[in-house]
Amino acid sequence: KICGRSMNKEKFYRPICNECASGNFYFKRAWSCCIYEGIIKDAILRFKYTDSMYLTPVFRKIFADFIKENLDKDIVDMVVPVPLFSSKQRERGFNQSDILADLIRVLLNKPVFSNMLKKIRPTRPQQELNRGERLSNLKGAFVVREPGGVKNKNIMLVDDVLTTGSTINECSRILKEALCKNVFALTLARGI
């Protein structure tokens, strides 16, 4: 497994899903705590679009339980949130990935570098696009602000939801170009 997608029992004979087998991923591994549906989907949407900070203790508990059971804290050197374009962040008033990364910082006891990545151009919302459009939509949208700061480092990218992995993959690509050692990703939820 690379992308973190759950695989049903009939497919356990294969070590990776069809997307991972046919994809070109720059991240080493992605984990998602939940499936993006039902109450968790409602909570994430409320958190992102109505500034519902009261949900952060719930998310912290979800991350804490998941990390305890699934992650080795020593695999990463730093935590990096996926950035929003500046106008989107001004409009929303915050970047949800910054808040989630701060939760991860405490749980992994690793520093957060919120400004390591910058989104330098606006993109269409990924949920409106098909897989091919998602890839081209993000091409050249991110830069590493301090390339020397990631050299030979293992990075944990943090975002709210992983669907096709296009955003995480594009961020991973530019981090790898800046000579980081490995990129891992942790999201609150995984689209089906």
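What counts, and at which threshold
Residues numbered from 1 in each chain as written. Predicted model: local features only at pLDDT ≥ 70, side-chain atom pairs only at ≥ 80, totals over all residues. Heavy atoms only, no water. Helix = DSSP H or I, 4+ residues; strand = E, 2+ residues; numbered from the N terminus. Buried < 20%, exposed > 50% of the residue type's maximum accessible area, 1.4 Å probe, protein only. Core = buried A, V, L, I, M, F, W, Y, C linked by side-chain atoms within 4.5 Å. Contact = heavy atoms within 4.5 Å. Axes fitted to C-alpha atoms, helices over the stretch in contact; angles between N-to-C directions. Parallel < 35°, antiparallel > 145°, perpendicular 65-115°, else oblique. Left-handed = near helix turned anticlockwise from the far one by under 90°. Nonpolar A, V, L, I, M, F, W, Y, C, P; charged D, E, K, R; others polar.

Its place among the elements puts Arg190 in strand β6 (residues 182-190). For Arg190, a relative accessible area of 2% gives the class buried.

It is worth spelling out the nonpolar core at this point. Counting 29 residues, the largest nonpolar core has Phe59, Phe63, Ile67, Ile104, Met156 and Leu186 as its most contacted members. Of all the secondary-structure elements, those providing two or more residues to this core are β1 (29-35), α2 (38-49), α3 (56-70), α5 (96-108), β5 (154-162) and β6. With 6 residues, the top contributor of residues to this core is α5. Apart from residues lying up to four places away in sequence, Ile104 is in contact with Phe63, Ile67, Val79, Asn109, Val158 and Leu186. Ranked by size, the runner-up nonpolar core spans 24 residues in total, among them Ala30, Val82, Val144 and Ile174.

Here we take up the packing of α3 against α5. Closest axis-to-axis distance for the α3/α5 pair is 10 Å, and the angle between their directions is 45°. Taken as axis vectors, α3 and α5 run oblique relative to one another. Read as a crossing pair, α3 and α5 show a hand that is right-handed. Along its contact with α3, which presents Thr56, Phe59, Arg60, Phe63, Ala64 and Ile67, the element α5 presents Ile99, Leu100, Leu103, Ile104, Leu107 and Leu108. Looking at the contact of α3 with α5 residue by residue, the classes come out as 10 nonpolar, 1 polar and 1 charged.

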